[in-house]
Amino acid sequence: MTCQIPLHAIASLRSHPGGRGLSRTHISLFALPALFAAMPCQASGADGTEAIAAPRDAAASVPSRAAGPDAEDEIVVTAERYGEAKVAAESEFSEDEIAGQGTDSIQDLLARLAPFIDASGEAPIILINGKPAGFDRSILFYPPEALDRLAVLKPEAAAQYGYAPGKRVVNLVLKKSYSDLNVDAGVNGATAGGQYGGNLSVGRVAISGPVRWNVNARVTRDSALRKDARNIPRPAMPFDGTGYVSAIGGGEIDPALSAAAGRLVTMAAIPAGAASGAPALTDFAATADQTDAVDPDAFETLLSARRSASLSLGVTRPVGAFTASLSLNAGRNSSNGLWGLPMASVVVPADSPWSPFAGDVLLTRPFAGERPLRNGNRSESLGASLTLNGVIGGWQTSLGLSYDRSWGENLFETGIDLVRIQQLTDAGDRAFNPYGAWDASLLLGSRNRTKSDNLNARLQVQKIVAALPAGPLTASFAANLSRGSSESRQSDVNGGSAVVSRAVREQIDGQMSLTAAILRRGVSEIGPLGDLTADLSIGSQTMSKAPVQTRFGAGINWSPLAIVQFRGSIDLVETAPSFDQLDGPIVTTVNRIFDYARGEVAEPVWITGGNPDLGRSRRQSLALNATVRPFGDQTLSLTAGYRQTIAKGGVASFPELTPVIEAAFPERATRDAAGRLVAVDARAINIARDTDTGLNSGLALRLPGRGAAARGEPGADPLQFSLSLNHRWRLTSALLTRPGVAAIDQLADSGQSRHNLSLQVSVGKQGIGASVNGNWASPAQVVNDDRIFRFQPPLTVNLSLFVEPGRLLGTAKQGALTDDLKISFDVQNLFKGYRRVTLDDGSIPLGYSRDEIDPLGRTARVSVRKRF
């Protein structure tokens, strides 16, 4: 008869990582009698984990200490760790390290740890307890306290899980049991004033082994930032809140008016009674020389007011041999901006029934009092996803389905229909009062309503298909199917006849990947070569109305020594534009930019959205990376790498409108007769050839708490310290817009920095912590004929602090106000840095004052989070 000891019964004993996915626990044999006596016979782990077994009379067989120092006094238990992925972790963050970051959600935690995950800032692939998350994003709303650990997997993991090689993969291992209700409220604002906001979120999370669920609701609101809140030069033209008449060309309006007023009259305000009937000459005599000057900057926003609301629900539970995750989400977002006070100048003929004057006069007035032009965007969305994870015929299988529907509306008022108003005034129609309220139908602008549906399905299977001498040969297959449809109705602001456009696109792609262990240190080793693995992936993609595109990727990982790792990879990819790049809704806004051609600030109409004229592209990438861990663990990591990317016909975002970009894409910039920039088509573009090469280097230092915590003593609360320093050095960045023209050296004359440096330092523990991160870029320049604009990017520093009063002061108790209470303070752009621009002589060009470049400046946020 035997007694089984669940692994959780020895969790407090001394442990250390073993091989891939294994935990080795050393147990002193002198402790076994008491340990076995405390365990009931035939007991097993509640979570199904492996157990060790020993005879009931183990106490009698335990050697005594008198056996001598050479006697074997330890046994080793090896077992699969809970939630472990199929690929070994490159680094892990423990529960204490996660707590020391002081974040409020897993989404915030991933953003804070981004320098340690992928220095490029690209979002990682997410696993939950070693299984693909699929389309389920409700995990991002979980509190970080729900995590047992966070693992960053080795670079070859992406290919093994059926994703594009080279992407980083993060495994989120949840606690087996966890439950809380949390409320988070915060306020934020610009320290210079003029803009403020706030947020409120409520979330509930419950985890019980393989079953978990969560619900999260969040609302945010940010006020607009108006021009009059900053020191920005005003327009030269006059702005009047009431309106006035003057002589055409200046001078005296009418001798009779001057006589009635008793002085020379060159300007007269619109009388109050003119809105309801034709005014008399004496009415204008009473308002002679009166004005109602207004500040035009009070009717224009630098940042739009924004509101958002979201609701997310997720449920995960076993269904037969599978684990099913269902998530539902809904959201609403809106932004509302102002684009100035519209002023109209109309000639009122002398023979008009509305004119008491002997000659024609010029009427200057706002459209409707102090009603500004509006620019607004609104969107609503509903989505659902289902993810199934399980084993079918020995293949680890993941199936994901998702459906999203969205609605959007864009309103953009551009001005007053002066042609129509002048026609009505010249006609002498008594039904049209040039001094009264004007109907909204006399405004110019556009209204665009869109709706879209997206259906996606993804299947991933993975299996060890062979056991090689050095390790497993793993095969994975992935297939994706998607269908998207969109409808757009564009009309004027008054909802007149609409131009309707519809699009439907379908896409199918698949990928097969193989990962093989070729050499392993100490096993089938050929000389001192160490560990060597290789991964290979091939795939194809087809989209409606586009030929089949193929892709090929290969990578090699070599670790000649335990502390050194090299990786080389190459990718050859043919791609087609995405659904959003082709058929995304058209959004029209106003963007404040510097017009290099005229040397002035311009506020052109800015057009973004889908571009159905985009074509397919080819991209070739080569990456070589090296990592050194001098101490053999994750305390210190040094990285260096080289990357070359060549894209032919690639799809790219529209770059900054510098002189060379405007010369390359003249059809994208619209200017009026005077040469002023009035509109920019900023939708995505195809590039004939884009070449980018660079060197990357980094340093990551992590000093988790030592001492009592490392020895597993209860109550230990170690101080955690981490530092990340990353440097990017661009060697070349050349853009060939179309064949037959010279390539653009973006590092020489298009404002791109050659060097970028980022730093993050965090120190904290449960109860208190701080984090500082900063970004710096080297100077750059833009060349415009004989003028050179020199750019000095800012050193941007952000600060985050948090404190948990109850835990820090030791006063927290069940039900107390300070129990599980956290107060956070965040400052963005601590030193109010901004991109300084000067000319060769050191002068600052128009449009590049501090408030014009970065009107928001430094912002601060205070938040309070309470867990129940």
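I will try to describe carefully the structure that is included in this document. Source: prediction; values computed, not measured. (Residues numbered from 1 in each chain as written. Predicted model: local features only at pLDDT ≥ 70, side-chain atom pairs only at ≥ 80, totals over all residues. Heavy atoms only, no water.)

### Some remarks on the overall build of the protein
If you tally the helices and strands in the protein, you get 14 helices and 48 strands. Sorting the 868 residues of the protein into buried and exposed places 45% on the buried side. A separation of at least 24 residues holds for 70% of the contacts in the protein among residues at least 6 apart in sequence. When the accessible surface of the protein is summed, it comes to about 40,700 Å², and 58% of that surface belongs to carbon and sulfur atoms. (Helix = DSSP H or I, 4+ residues; strand = E, 2+ residues; numbered from the N terminus. Buried < 20%, exposed > 50% of the residue type's maximum accessible area, 1.4 Å probe, protein only. Contact = heavy atoms within 4.5 Å. Areas by Shrake-Rupley, 256 points an atom, 1.4 Å probe, with all protein chains shown as cover.)

### Side note on the packing of aromatic side chains
Counted according to the given criterion, the structure contains 14 aromatic pairs. Ring centres of F93 and F116 lie 5.8 Å apart, and the angle between their planes is 75°; this geometry places the pair in the edge-to-face category. With F93 in strand 6 (residues 89-94) and F116 in helix 5 (residues 114-117), the pair connects residues that are 23 residues apart, well separated along the chain. On the basis of relative accessibility, which here comes to 12%, the residue F116 falls in the buried class. Aromatic rings pair up to connect F594, Y596, F789, F791 and Y848 into one cluster. Between K822 and the ring centre of F802, over which it is positioned, the NZ or CZ distance is 5.7 Å. (Phe/Tyr/Trp six-rings, centres within 6.5 Å; stacked < 30°, edge-to-face > 60°. Lys NZ or Arg CZ within 6 Å of the ring centre and 35° of its normal.)

### Side note on helix 9 (residues 418-426)
For helix 9, the set of buried residues is I421, L424 and T425. Buried residues of helix 9 fall within an arc of 100° about the axis and therefore sit on the same side. Along its buried surface, helix 9 packs onto strand 20 (343-348) and strand 23 (395-416). One or two steps after helix 9, the chain reaches G428, where phi turns positive at roughly 70°. (Arc of directions from axis to C-beta.)

### Considering the sheet that holds strand 21 (residues 361-366)
Pairing is antiparallel across the open sheet formed by 4 strands, whose spatial order is 16-15-21-20. Unpaired on one side and paired on the other, strand 16 (267-269) and strand 20 mark the two borders of the sheet. For this sheet the average axis-to-axis angle between neighbouring strands, irrespective of direction, equals 25°. Of the pairings in the sheet, the one linking strand 20 to strand 21 comprises 6 bridges and is antiparallel in character. Directly across from V347, in strand 21, lies its bridge partner L362. (Pairing = 2+ DSSP bridges. Axes fitted to C-alpha atoms, helices over the stretch in contact; angles between N-to-C directions.)

### A short note on the side chain of E413
As for its position among the elements, E413 is in strand 23. For E413, a relative accessible area of 2% puts it in the buried group. Within polar-contact distance, the side chain of E413 engages the side chain of R371 at 3.0 Å. Here R374 takes part through its side chain, which lies 2.8 Å from a polar atom of the side chain of E413. (Polar contact = N/O pair within 3.5 Å; in protein donor to acceptor, adjacent residues only side chain to side chain.)

### Things to note about the nonpolar core
Core analysis: the biggest nonpolar cluster contains 25 residues, and L110, I139, Y142, L150, L172 and L174 have the highest contact counts within it. Secondary structure elements with two or more residues in this core: helix 4 (106-112), helix 5, strand 7 (125-128), strand 9 (147-153), strand 10 (169-174) and strand 12 (196-208). Residues contacting L110, with those up to four places away along its chain left out, are I117, I126, L140, L150 and V170. The next biggest cluster of nonpolar side chains, apart from the first, holds 18 residues, and it includes A274, A288, F357 and V361. (Core = buried A, V, L, I, M, F, W, Y, C linked by side-chain atoms within 4.5 Å.)

### Some thoughts on the pattern of salt bridges
Taken as a whole, this structure holds 44 salt bridges when the rule is applied. Linking R263 and D289 is a salt bridge whose minimum nitrogen-to-oxygen distance equals 2.9 Å. In this pair, R263 sits in the loop between helix 7 (255-261) and strand 16 while D289 sits in the loop between helix 8 (281-286) and strand 17 (301-303), placing the two residues 26 residues apart along the sequence. According to the relative accessible area criterion, R263 is partly exposed, its value standing at 40%. Note that R671 and E662 form a salt bridge whose closest N and O atoms lie 3.0 Å from each other. (Salt bridge = Lys/Arg side-chain N within 4 Å of Asp/Glu carboxyl O.)

### A look at the environment of E84
For E84, the location among the structural elements is in the loop between strand 5 (74-80) and strand 6. Separated by 43 residues in the primary sequence, E84 and L127 place their C-alpha atoms 9.9 Å from one another. A polar contact of 2.8 Å, which involves the side chain of E84, links it to the side chain of R149.

### Considerations on unusual backbone geometry
Although it is not a glycine, N129 adopts a positive phi angle of roughly 55°. The buried category is assigned to N129, whose relative accessible area is 16%. One non-glycine residue, D820, lies in positive phi territory at about 55°. In this structure D820 comes out as partly exposed when scored by relative accessible area, which is 26%.

### Structural notes on the pairing of strand 35 (residues 636-652)
Across 11 bridges, strand 34 (residues 617-628) lies against strand 35 in antiparallel orientation. Its bridge partner lying in strand 35, Q620 is registered against I646. In this sheet, strand 38 (residues 685-703) lies alongside strand 35 in antiparallel orientation, the contact comprising 16 bridges. Its bridge partner being in strand 38, T645 is matched across the sheet by D692.

### Quick look at the sheet that holds strand 36 (residues 669-671)
Reading across from one edge, 30-33-37-36 is the order of the 4 strands in this open sheet, with mixed pairing throughout. The open sheet is flanked by strand 30 (587-590) and strand 36, the only strands paired with a single partner. Direction aside, the axes of adjacent strands within the sheet are offset by 20° on average. Pairing of strand 36 with strand 37 (residues 677-681), which is carried by 3 bridges, proceeds in the antiparallel orientation. Note on strand 37: the bridge partner recorded for R671 is L677.

### Some remarks on the side chain of R702
With respect to the helices and strands, R702 occurs in strand 38. Within the structure, R702 has its side chain in polar contact with the backbone oxygen of E92 (distance 2.2 Å). If near-sequence neighbours (up to four positions away) are discounted, R702 is found in contact with S91, E92, F93, E97, F116, Q634, T635, F721 and S722.

### Observations regarding the environment of S120
Relative to the assigned elements, S120 resides in the loop between helix 5 and strand 7. You can call S120 exposed: its relative accessible area is 56%. With 576 residues separating them along the chain, S120 and N696 place their C-alpha atoms 9.5 Å apart.

### Comments concerning a nonpolar patch on the surface
The grouping of F477, M512, L514, L536, I538, F552, I570, L572, L622 and L624 at the surface amounts to a nonpolar patch, some 740 Å² of accessible area in total. Residue placement: I570 occurs in strand 29 (residues 564-575). A relative accessible area of 32% means that I570 is categorised as partly exposed. (Patch = residues over 30% accessible without salt bridge, like charges linked within 9 Å, V, L, I, M, F, W, Y side chains within 5 Å.)

All quantities given are derived from atomic positions and should not be read as evidence of function.
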